[in-house]
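Report on the structure
Below, each chain spelled out in residue letters.
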Amino acid sequence: INGIAKSGTATVYVHVTAAMDLNMSVSILSSEGVYSAQTDLIINSLVDSDASGGATATWTLQSAAAAAIDLTSSAVVLAPTTRPFSFGELSSGLNFPLGIRSDVLTPGVPYIFRLTVEDSLGNAIFNEVTISPNFPPVGGTFAVTPSSGFAFITEFDFAAFNWGDSVEDYPIEYLFVYQDASSFDAAANYDQVSLRDSIATTSSLLPEGVTTVSSTVACAVFISDYWGATSTAE
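Calculation rules
- Throughout, a residue's number is its position along its own chain's written sequence, starting from 1.
- Residue-level local features of this predicted model are given only where pLDDT is at least 70; pairs of side-chain atoms are given and counted only at 80 or more, and the full residue set underlies all totals for whole chains, interfaces and linings.
- As a rule here, side-chain values come from all non-hydrogen atoms in the structure, and water together with hydrogens is ignored.
- DSSP calls a pair of strands paired once it identifies at least 2 bridges connecting them.
- Secondary structure follows DSSP: runs of H or I at least 4 residues long count as helices, runs of E at least 2 residues long count as strands, and numbering of each begins at the N terminus.
- Angles run from 0 to 180 degrees between N-to-C directions of axes, and those axes are lines fitted to C-alpha atoms, restricted for helices to the stretch in contact.
- pLDDT expresses how confident the predictor is about each individual residue, on a scale running from 0 to 100.
- Contact definition: two residues touch when any of their heavy atoms are within 4.5 Å.
- Each residue's exposure class comes from its accessible area (1.4 Å probe, protein chains only) as a fraction of the maximum for that residue type: buried when under 20%, exposed when over 50%, partly exposed otherwise.
- Here, nonpolar core means buried Ala, Val, Leu, Ile, Met, Phe, Trp, Tyr and Cys residues that are tied together by side-chain atoms lying within 4.5 Å of each other.
- The definitions used throughout rest on a 1 Å grid laid over the protein atoms alone, on which a cavity is an enclosed set of points accommodating a 1.4 Å probe that cannot get out and a pocket is an open set flanked by protein within 12 Å on both sides along at least five of seven lines; lining residues are those having an atom within 4 Å of a point.
- Grid points are joined across faces, edges and corners, and a volume is the space filled by probe spheres set on the points.
- Lys, Arg, Asp and Glu make up the charged group, whereas Ala, Val, Leu, Ile, Met, Phe, Trp, Tyr, Cys and Pro make up the nonpolar group; the residues left over, Gly among them, are polar.
- A side-chain nitrogen of Lys or Arg and a carboxyl oxygen of Asp or Glu constitute a salt bridge if their distance falls within 4 Å.

One open sheet holds the three strands; their spatial order is S9-S10-S13, and the pairing between them is antiparallel. Two strands lie at the open edges of the sheet, namely strand S9 (141–145) and strand S13 (201–204), each paired on one side alone. Each adjacent strand pair in this sheet contributes to an overall mean axis angle of 15°, direction not counted. Strand direction decides the pairing type here: S9 and strand S10 (residues 156–161), joined by five bridges, are antiparallel. If you follow Thr 141 over to S10, its bridge partner there is Phe 161.

Once that is clear, we can look at the confidence of the model for the protein chain. With 87% of its residues at a pLDDT of 70 or more, the protein chain has an overall mean of 83. This model gives residues 1–21 a pLDDT under 50, and the stretch forms zero contacts once residues within four places in sequence are excluded.

With that settled, consider unusual backbone geometry. For the bond running from Thr 145 to Pro 146, omega is -5°, close enough to zero to count as cis. When you line up the elements, Pro 146 lands in the loop between S9 and S10. Following Tyr 170, the chain continues to Pro 171 via a peptide bond in cis, the omega torsion being 10°. Note that Pro 171 resides in the loop between S10 and strand S11 (173–179). Despite not being glycine, Phe 152 shows a phi value in the positive range, around 60°. In this fold, Phe 152 is placed in the loop between S9 and S10. For Phe 152, a relative accessible area of 56% corresponds to the exposed category.

Our focus in this paragraph is the nonpolar core. In terms of nonpolar packing, the biggest core is built from 29 residues, with Leu 41, Ile 43, Trp 59, Ile 100, Leu 105 and Phe 113 touching the most fellow members. Membership of the second largest hydrophobic core comes to 17 residues, among which are Phe 142, Trp 163, Tyr 174 and Leu 206.

Size it by volume and the largest pocket reaches roughly 310 Å³. Taken together, 16 residues make up the lining of the largest pocket; nearest its centre are Ser 147, Ser 148, Gly 149, Phe 156 and Val 217. The class makeup of the residues in the lining of the largest pocket is nine nonpolar, six polar and one charged.

What follows concerns the sheet that holds S11. Pairing is antiparallel across the open sheet formed by four strands, whose spatial order is S12-S11-S14-S15. With one partner strand each, in any of the chains shown, strand S12 (191–192) and strand S15 (230–233) form the two edges of the open sheet. In terms of strand pairing, strand S14 (residues 218–224) meets S15 through four bridges, oriented antiparallel. Opposite Ile 223, over in S15, you have Ser 231 as the bridge partner.

Right, let's talk about the pattern of salt bridges for a bit. Applying the stated criterion to the full structure yields two salt bridges. Arg 83 is the partner of Glu 89 in a salt bridge, and the nearest nitrogen-oxygen pair spans 2.9 Å. Judged by relative accessible area, Glu 89 falls into the partly exposed class, the value being 32%. Accessibility expressed as a relative area gives 38% for Arg 83, which makes it partly exposed.

In structure tokens, the structure reads:
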């Protein structure tokens, strides 16, 4: 009927009883199932509880096919893996992350990390996440031709061929570099020949090596997959 609005009301009866069990929850918010072991690993979580006396959250390593790592060592973790939290902190939910330093986990090995939350009475709940550090690209070659020339006159060709990885790890990218040294040291300063790219070849002029007897310039290539796992060839 025009001009008349109709409304209705529905009633739901809910029986509420006193809580018999302590409420706690722990969940893994986000984490890459595959990542490069050459980068820091951060696993985020969500922890909440109505424990009036607070609770303690602890990260532990449950399983690994390689040698176990020490989650109490500052050389392994980026922050402490055990911490007590007050009721006020837990009641609104909080993030208690696990941070693993780069070059600690072994590529190709699955690691199972567990986050346990326990109250003062011993009630506990946990959740787990499996992390598999990724292998870097393998099996390829690297060459620079010609093997000698004149500084800023000879054009040198850089080529990195036949590097392979798992299908889900593509694309592979290449970064060609050089260093004023007799052999390449990835920990020392170096100069880029070109920008990182999926193209496996490039050309460039090079300066004279001034710190070596034979005026040698060391050349190398970094081969990286989608996850950042990187191999170096020189």
